[in-house]
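Below are the chains, spelled out letter by letter.
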There are 2 protein chains.
Amino acid sequence: MFKKVLIIGCGLIGSSILRVIKSKKLSKKIFVYEKSKKNISKIKKINSSCVIVKQINNKINDVDFVIICTPMNEYKKIIEKLNKNLKTNCLITDVGSTKKNIIELKNKLLSKKLQWISSHPIAGSEVSGPEYGSKNLFLNKWCVIISEKKQNFKKKNLLKKFWKKIGSKIVLMNSVNHDKIFSITSHLPHLIAYNLIKTAQDSQKIQRKNLIQYSAGGLRDFSRIAASNEIMWRDIFFNNDNIIKSINLFTKNLNSFKKIIQNKDNQKLLSRLTNSKKVRKQIVQLKQDVSKPDFGRE
Amino acid sequence: MFKKVLIIGCGLIGSSILRVIKSKKLSKKIFVYEKSKKNISKIKKINSSCVIVKQINNKINDVDFVIICTPMNEYKKIIEKLNKNLKTNCLITDVGSTKKNIIELKNKLLSKKLQWISSHPIAGSEVSGPEYGSKNLFLNKWCVIISEKKQNFKKKNLLKKFWKKIGSKIVLMNSVNHDKIFSITSHLPHLIAYNLIKTAQDSQKIQRKNLIQYSAGGLRDFSRIAASNEIMWRDIFFNNDNIIKSINLFTKNLNSFKKIIQNKDNQKLLSRLTNSKKVRKQIVQLKQDVSKPDFGRE
């Protein structure tokens, strides 16, 4: 499929892409650019057949596919290097979690001769680092490909083909819609989880009791999401404009929930709880989660 | 251990108790009182050796252990029946999720000749009904036993012995502390999950897009908890006084989270995310959750 692929940033996502490209033989050669020495030694254990490069320079100017998997705050520096060193024919993509900012940055800074079509695989975990990567990470998961005016038709098809080959289901949307949708299905849930854990920590101080040991009653589920990588999530919270709106809608609902409880409004409370209950069924039917009760935990 | 046990209410928890009493042979005879015809036919499939009773009357006046597993709003009626029909020697417990209300109700209505010591096994699931019960539901889970002045020492030891035999770890606390602790580790997380799912449903209407299909990015975890039984959770939200305080603390934290994002305060955001991250490790170390990333989901 490709002759030379360059993976920039090789943590959980980058190393999963590395593994699946290798296992499906999608490229003759794979270059990996990774700054962290710790990660480099982990990557060497995973896949000795990739070439770890210490710089993005003209020694790798003939790569035909670049996938950027670093935190988003590093994109600016990377674009400068790509501008200097890549040839016109190369397809560039990224896996960043917010899109409006990336498209704006790219349109402003990327050399007009280069082709960057943005991706967002909806896959991940609370753990980070190349040791947790898996060739099956993208299997049956959505991958959003960002539509823009004036995209190279052939390159877009190639990108679709790539994500399909590694097991993803493709959906096309523009960056504005992407950020709206994922502010609700991903960014708000993470923020709420972080906030709930902080609230539990504060309560622990106020009550002077070890509450955390009783987390099996519900709190533990939130602690998983609130253990996600702080750099990645800082970048998301700072870059999705919709998050404030989402917080406001959440707060409005929370205030009315509080009133329902204070008024002991039986009918309203029951209809609220019953309505929310329906969503789980949909999610399982849509294969967005396992069907077993309690996630199949033992 | 017992001669005749009566389980009142045989859903997820009641049927799990039924299964484990049977499998560990903790009683010579087991009576089950259950109102729902649907549930009765399910229970018959599970355990043909229990006796299903249609009324709590003097035909079962010689039971030596009663476990109440109905929704809490039924306790009042049940107490009236127990007062009429039970003998002094019987030990009564319940598995209700809030305790101050139960203790008050019991102290007000229960005949002084009877012994009720309240329990709360920290075990459950988003599914309800006897078909989901399991004899292992209580294995290595906390069971809170409520301490009060003037409890019968022997009966309390018997109750401890029962929960230990079925695999629980015992912790003693008074009803006030219980409600404070679980308002944070269980009741607030559930309320927040319900509220997040409602917010996603509202956004879906506002955006006119099917958001739910992209739930794998985080929302799906909350949908599990928000699928919990609405009767049980209505009773909890109406009966734990601490829930309003917990909501207020959560809202305070959410407002300051919002400000941090609006001010793009890098340092404060990173320290918040890093702090919350620590809790997951504690929870796993305390064996309150599985250690595998993503709950071991595939």
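All of these numbers come straight from a predicted model, not from anything done at the bench.

Undergrad: Lay out the overall build of chain A with the relevant residues and their values.
TA: What chain A contains, in helices and strands, is ten helices and nine strands. Over its C-alpha atoms, taken along the principal directions, chain A stretches across nearly 70 × 40 × 35 Å. Counting only residues that meet the buried cut, chain A has 48% of its 298 residues in that class. For chain A, restricting intrachain contacts to residue pairs at least 6 apart in sequence, the fraction spanning at least 24 positions comes to 76%.

Undergrad: Describe the interface of chain A and chain B, with residues and values.
TA: With 87 residues of chain A at the contact, the number on the chain B side is 88 residues. For the side of chain A that touches chain B, the elements supplying multiple residues, two or more each, are helix H6 (175–207), helix H7 (219–225), helix H8 (230–239), helix H9 (242–262) and helix H10 (266–285) of chain A. It is H6(A) that contributes the most residues to the side of chain A that touches chain B, 22 residues altogether.

Undergrad: Before we move on, can you summarise the packing of H8(A) against helix H10 (residues 266–285) of chain B with the specific residues and values?
TA: Close contact between H8(A) and H10(B) brings their axes to 10 Å; oriented N to C, the two are set at 135°. The orientation of H8(A) with respect to H10(B), classified from their angle, is oblique. The two elements H8(A) and H10(B) cross, and the hand of that crossing is right-handed. Contact with H8(A), carried on its side by A:Glu230, A:Trp233, A:Arg234 and A:Phe237, involves B:Asn266, B:Leu269, B:Leu270, B:Leu273, B:Thr274 and B:Lys277 of H10(B) and no other residues of that element. Looking at the contact of H8(A) with H10(B) residue by residue, the classes come out as five nonpolar, two polar and three charged.

Undergrad: Can you lay out the sheet that holds strand E5 (residues 91–94) of chain A for me, pointing to particular residues and giving the numbers?
TA: Sheet strands associate in pairs through backbone hydrogen bonding, adopting either a parallel or an antiparallel arrangement. All names here are of chain A. Pairing is parallel in the open sheet, where six strands are placed in the order E3-E2-E1-E4-E5-E6. What marks the edges here is a single partner per strand, and that holds for strand E3 (51–53) and strand E6 (115–116). One ladder, built from four bridges, connects strand E1 (residues 2–8) with strand E4 (residues 65–68); its direction is parallel. Each residue of the ladder has a partner; that of isoleucine 8, found in E4, is isoleucine 68.

Undergrad: Account for the domain arrangement of chain A, with residues named and values stated.
TA: Residue and element names in this part refer to chain A. We note that the domain assignment places domain 1 (2–173) and domain 2 (177–296) within chain A. Domain 1 and domain 2 are separated by 31 Å when their C-alpha centres are compared. The partner domain 2 presents 15 residues to the 15 residues of domain 1 that form the contact. Where the side of domain 1 that touches domain 2 is concerned, the elements lending two or more residues are helix H4 (100–109) and strand E8 (142–146). A breakdown of the residues in the side of domain 1 that touches domain 2 according to their chemical character gives five nonpolar, seven polar and three charged.

Undergrad: Give a description of the sheet that holds strand E8 (residues 142–146) of chain B that names residues and reports values.
TA: Residues and elements named next belong to chain B. Spatial ordering of the open sheet is given by E7-E8-E9, a layout of three strands whose pairing is mixed. With partners counted over all chains shown, the strands left at the sheet margins are strand E7 (119–121) and strand E9 (169–173), one partner each. Taking each pair of neighbouring strands and ignoring which way they run, the sheet shows an average axis angle of 20°. Sheet topology note: the E7/E8 ladder contains three bridges and is antiparallel. Opposite histidine 120, over in E8, you have valine 144 as the bridge partner. Sheet contacts for helix H6 (residues 175–207): E7, E8 and E9; angle to E8, the most-contacted strand, approximately 145°.

Undergrad: Mind laying out H9(A), listing which residues take part and the relevant values?
TA: With 21 residues, H9(A) should cover 30 Å at 1.5 Å per step; its first-to-last C-alpha distance of 30 Å lies within 8% of that length. Taken as a whole, H9(A) has its buried residues at A:Asn242, A:Ile243, A:Ser246, A:Ile247, A:Phe250, A:Leu254, A:Phe257 and A:Ile260. Viewed along the axis of H9(A), the buried residues span an arc of 140°, placing them on a single side of the element. For H9(A), exposure combined with an orientation more than 90 degrees from the buried face picks out A:Asn248, A:Lys259 and A:Gln262. Where H9(A) is buried, its residues contact H6, H8 and H10 of chain A together with H6 and helix H9 (242–262) of chain B. Directly beyond the C-terminal end of H9(A), a positive phi value near 45° is found at A:Lys264.

Undergrad: So what about the relation of the copies chain A and chain B? Which residues, and what values?
TA: Of the transformation superimposing chain A on chain B, the axial component is 0.0 Å and the angular component is 180°, with the fit at an RMSD of 0.0 Å. The transformation just described matches what one would write down for a two-fold rotation axis. Counting the interface residues of chain A, we find that 100% of their copies in chain B are interface residues as well, pointing to one common contact surface.

Undergrad: Could you give me a rundown of the packing of helix H3 (residues 75–85) of chain A against H4(A), with the residues and numbers involved?
TA: Residue and element names in this part refer to chain A. Closest axis-to-axis distance for the H3/H4 pair is 11 Å, and the angle between their directions is 35°. Every pair of crossing elements has a handedness; the one defined by H3 and H4 is right-handed. Between H3 and H4, the contacting residues are Tyr75, Lys76 and Ile79 on the first element and Ile102, Leu105 and Leu109 on the second. Among the residues making up the contact of H3 with H4, the classes are represented as five nonpolar, no polar and one charged.

Undergrad: Describe in detail unusual backbone geometry, supporting the description with residues and values.
TA: All names here are of chain B. We note that lysine 150 has phi near 60°; this positive angle belongs to a residue other than glycine. Within the secondary structure layout, lysine 150 lies in the loop between E8 and helix H5 (153–165). Given 4 C-beta atoms within a 10 Å radius, lysine 150 is considered exposed.

Undergrad: Describe the pairing of E1(A), naming the residues involved and giving the relevant values.
TA: All names here are of chain A. By the bridge criterion, six bridges tie E1 to strand E2 (residues 27–33) in an arrangement that is parallel. In the sheet register, leucine 6 faces E2, and the bridge partner there is phenylalanine 31. One crossover worth recording links E1 to the parallel E2 by way of helix H1 (residues 12–23), and it is right-handed.

Undergrad: Can you lay out the confidence of the model for chain A for me, pointing to particular residues and giving the numbers?
TA: In this model, chain A carries an average pLDDT of 96, and 99% of its residues clear a pLDDT of 70 or more. Both scores are given for the predicted complex: the pTM is 0.95, the ipTM 0.95.

Undergrad: Could you give an account of the environment of B:Ala226, with specific residues and numbers?
TA: As for its placement among the helices and strands, B:Ala226 is situated in the loop between helix H7 (219–225) and helix H8 (230–239). For the pair B:Ala226 and B:Ile192, spaced 34 residues apart in sequence, the C-alpha to C-alpha distance is 8.6 Å. Not counting chain neighbours up to four residues away, the residues in contact with B:Ala226 comprise A:Ser276, A:Lys277, A:Val279, A:Arg280, B:Ala193, B:Tyr194 and B:Ile197.

Undergrad: Quick rundown of the pairing of E2(A)? Include the residues and the values.
TA: Pairing analysis gives three bridges linking E2(A) to E3(A), with the strands arranged parallel. Across the sheet, residue A:Val32 finds its bridge partner in E3(A), namely A:Ile52.

Undergrad: Please set out the environment of B:Val144 residue by residue, giving values where relevant.
TA: One can find B:Val144 in strand E8. Among the residues examined, B:Val144 registers 23 C-beta atoms within 10 Å and is labelled buried.

The rules we used
- Residues numbered from 1 in each chain as written.
- Chains lettered and ligands numbered in written order.
- Predicted model: local features only at pLDDT ≥ 70, side-chain atom pairs only at ≥ 80, totals over all residues.
- Helix = DSSP H or I, 4+ residues; strand = E, 2+ residues; numbered from the N terminus.
- Buried ≥ 20, exposed ≤ 12 C-beta atoms within 10 Å, placed from the backbone.
- Contact = placed C-beta atoms within 7 Å.
- Axes fitted to C-alpha atoms, helices over the stretch in contact; angles between N-to-C directions.
- Parallel < 35°, antiparallel > 145°, perpendicular 65-115°, else oblique.
- Left-handed = near helix turned anticlockwise from the far one by under 90°.
- Nonpolar A, V, L, I, M, F, W, Y, C, P; charged D, E, K, R; others polar.
- Pairing = 2+ DSSP bridges.
- Domains from an automatic or database assignment.
- Expected span 1.5 Å × (residues − 1).
- Arc of directions from axis to C-beta.
- Least-squares fit on C-alpha atoms with pLDDT ≥ 70 in both.
- Right-handed = clockwise from strand over helix to strand, strands pointing away.
- pLDDT = per-residue confidence, 0-100.

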